[in-house]
Amino acid sequence: MRTKMFALVAIGVIAFGGMAACTNDGNGGSSSDGGGTRGGGGGGKVGVILPDTTTSQRWGTDDPKLLKAAFDAADVPVDIQNAQGDKQKFQQIADGMIADGVKVLMIVNLDSGTGKAVLDKAKAAGVKTIDYDRLTLNGGADYYVSFNNEAVGRLQGNGLVRCLREKNYDTPLIADLNGSPTDNNATLFKAGYDEILQPHYDDGTFLKGPDQSVADWDNDEAGVVFQEMWNQTNNKINGVLAANDGLANAAIEVLKKSKMNGKVPVTGQDATVQGLQNILAGDQCMTVYKAIKKEADAAADLAIKLYKGEQVNGEDRVKDPESGAYVQSFLEDPQPIYKDNINVVIKDGFVEKKAVCSGRFAPMCKENGIK
C-alpha cells in the first residue's frame, strides 16, 4: 500500500554519479555507453538517466535491469544511460536525448541545480518529465516516483531503539552518520529517524552524540568521519544511525579496530549483499529493504502511459519544500530487515542466496533458516 506524503523536508538534492549504462539496442542487447534503443522505431522514445555505480548496487545492477525488462515487455523504445557522477555528462546526455526526440524523460538527478536545468529544457521541448527515486527541488517535474523516504528514516530510528534495548544499554550515546547533504532523500531519512530518536534525547534515555553528513555518500569519507567521531568521544559511542549500508560498513570497519563490532548497534539501508552479511555476522543491527522492482515497475508503467499519450493522475502528492508546488507522485512502502527476516529479500529475488551465503556466511545462513 502506498503511503500519502503531503510534505517533505529538504535541503539539497541528490547524490552522485556513475553507473554502467544499461540500454537496449534494436536486438534487445545492451551497450556500455547507453546509446541504444529497444522497441518499435520512430515516434520518439523514453529516456532514462541514472546516476552512478558507486553509492549503491542498485544503480549498477537492479534499476537498469528492471527498467529494461518493463519497457521491453511493453515494446516501448527506451534509452537508458548513466552520468557516471559527472554533472556535465548528465546534461550532455539529457541534451542528446531531447534532441533525439524523447517523449518522456526520467531522471535521477545528481543535484537540484543540474536536475532543474535538464527538466527545464525537457519541458520547453514538450517532453513529459519524471523524477525517479529523488525529488529535484524546485525542478517542477510532472511526476515523482519513489519510496516514502521519511518512513525509511522512521524504520531506521525504530530499529536502532530496538537493538539498543536488546543490548541493555543505559543512556547510550548515539552518533548519526547521515547521507549526502545535497541529496533530498538523505534529508528525509534524517527527518524520519530524528522523529523517533528526539523524544529519547528529550527524556534523557539516550544521549545525543556526533551528528555529521557524508558528502556524496562516499564510503571512504564515511570511514574518516566516523573514525573522528570515535576518537572525539573516546570510543564511547554506543549506537550508530548510519543512513545506508555503505556508510554502516564504513563505521563497522572502524569499530572492528577496537573490537567493538557487534557490540555497538549500527543501522543501514538498501538491503545490499554486504549489509545482509553484516547483519548475519552480528555487526549490523538492521537494514531497510526498498523493493526496487515495485518502484521501477511503477516508474516504467507511468512512463509507458505517458509515452502512449494517456492522462495519468498520481496516487499521492508531494510538496516541493523549495517551490511550494505539489508534485503528482507514486510512493512505495519500505520494510525493515533484521536477522530473522532476511529471507524476505532473498525470496523476492532482490539478492541471490548464493551471493549472501557464500564462504564463511554459509553456516550463518543455515543457522538462520535462510533457504
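Residues numbered from 1 in each chain as written. Predicted model: local features only at pLDDT ≥ 70, side-chain atom pairs only at ≥ 80, totals over all residues. Heavy atoms only, no water.

Asker: Now, about the packing of aromatic side chains: what can you tell me, with residues and values included?
Answerer: Tallied over the full model, the rule gives 3 aromatic pairs. Aromatic pair Phe-189 and Trp-217: ring centres 6.3 Å apart, planes at 70 degrees, arrangement edge-to-face. Here Phe-189, found in helix α5 (residues 184-202), pairs with Trp-217, found in the loop between β7 (207-213) and α6 (219-232); they are 28 residues apart in sequence, far enough to count as distant. Exposure remark for Phe-189: the relative accessible area of 3% places this residue in the buried category. Judged by its relative accessible area of 5%, Trp-217 falls in the buried class. Cation over ring: Lys-103 sits above Tyr-307, and NZ or CZ is 4.8 Å from the ring centre. (Phe/Tyr/Trp six-rings, centres within 6.5 Å; stacked < 30°, edge-to-face > 60°. Helix = DSSP H or I, 4+ residues; strand = E, 2+ residues; numbered from the N terminus. Buried < 20%, exposed > 50% of the residue type's maximum accessible area, 1.4 Å probe, protein only. Lys NZ or Arg CZ within 6 Å of the ring centre and 35° of its normal.)

Asker: Which residues make up the state of the cysteines, and what values go with them?
Answerer: Summed over the entire model, instances satisfying the criterion amount to 2 disulfides. The partner cysteine of Cys-163 in its disulfide is Cys-285, sulfur to sulfur 1.8 Å. Judged by the sign of its S-S torsion, about 70 degrees, the bond between Cys-163 and Cys-285 is right-handed. You can see Cys-163 sitting in helix α4 (residues 149-167) and its partner Cys-285 sitting in the loop between α8 (273-280) and β9 (287-289), a full 122 residues away along the chain. Residues Cys-163 and Cys-285 agree in their burial class; the two are buried. Disulfide pairing is shown between Cys-357 and Cys-365; the S-S distance is 2.0 Å. (Disulfide = S-S within 2.5 Å.)

Asker: Residues and numbers for the layout of surface pockets, please.
Answerer: Of the volumes computed, that of the largest pocket is approximately 220 Å³. Lining the largest pocket we find 15 residues, and of these Cys-163, Glu-166, Gly-282, Gln-284 and Cys-285 sit closest to its centre. It is α4 that contributes the most residues to the lining of the largest pocket, 4 residues altogether. Across the lining of the largest pocket, the residue classes tally to 7 nonpolar, 3 polar and 5 charged. (1 Å grid on protein atoms, 1.4 Å probe; cavity = no way out; pocket = protein on both sides within 12 Å on 5 of 7 lines; lining within 4 Å. Points joined across faces, edges and corners; volume = space filled by probe spheres on them. Nonpolar A, V, L, I, M, F, W, Y, C, P; charged D, E, K, R; others polar.)

Asker: Tell me about the packing of α6 against helix α7 (residues 245-257), and please be specific about residues and values.
Answerer: In contact at an axis separation of 8 Å, α6 and α7 are set at 45 degrees when each is read in the N-to-C sense. What the angle tells us is that α6 and α7 run oblique. The two elements α6 and α7 meet at a crossing, and its hand is right-handed. Facing α6, whose interface residues are Asn-219, Ala-222, Gly-223, Phe-226, Gln-227 and Trp-230, α7 presents Gly-246, Leu-247, Ala-250, Ala-251, Val-254, Leu-255 and Lys-257. (Axes fitted to C-alpha atoms, helices over the stretch in contact; angles between N-to-C directions. Parallel < 35°, antiparallel > 145°, perpendicular 65-115°, else oblique. Left-handed = near helix turned anticlockwise from the far one by under 90°. Contact = heavy atoms within 4.5 Å.)

Asker: I'd like a description of a negative patch on the surface, backed by residues and values.
Answerer: A surface patch of negative charge is lined by Asp-216, Asp-218, Asp-220, Glu-221 and Glu-228. With respect to the helices, strands and loops of the structure, Asp-220 is situated in helix α6. (Patch = residues over 30% accessible without salt bridge, like charges linked within 9 Å, V, L, I, M, F, W, Y side chains within 5 Å. Areas by Shrake-Rupley, 256 points an atom, 1.4 Å probe, with all protein chains shown as cover. Salt bridge = Lys/Arg side-chain N within 4 Å of Asp/Glu carboxyl O. Lys, Arg positive; Asp, Glu negative; His and termini not counted. Charge placed at Lys NZ, Arg CZ, Asp CG, Glu CD.)

Asker: So what's going on with the sheet that holds strand β3 (residues 104-107)? Which residues, and what values?
Answerer: Each strand in a sheet pairs with another by means of backbone hydrogen bonds, the pair being arranged parallel or else antiparallel. Read across the sheet, 7 strands follow the order β2-β1-β3-β4-β5-β11-β10 without closing on themselves; strand pairing throughout is mixed. Because the sheet does not close on itself, it has two edges, and the strands there are β2 (78-82) and β10 (316-319). On average, each strand axis in the sheet is tilted by 25 degrees relative to the strand beside it, whichever way the strands run. (Pairing = 2+ DSSP bridges.)

Asker: Describe α5, with residues and values.
Answerer: Working note: α-helix, 3.6 residues per turn, so residues spaced by three or four point in the same direction. Spanning 19 residues, α5 covers 26 Å between terminal C-alpha atoms, matching the ideal 27 Å at 1.5 Å per step. Sitting at the head of α5, Asp-183 places a side-chain oxygen 2.8 Å from the backbone nitrogen of Asn-185. (Expected span 1.5 Å × (residues − 1). Polar contact = N/O pair within 3.5 Å; in protein donor to acceptor, adjacent residues only side chain to side chain.)

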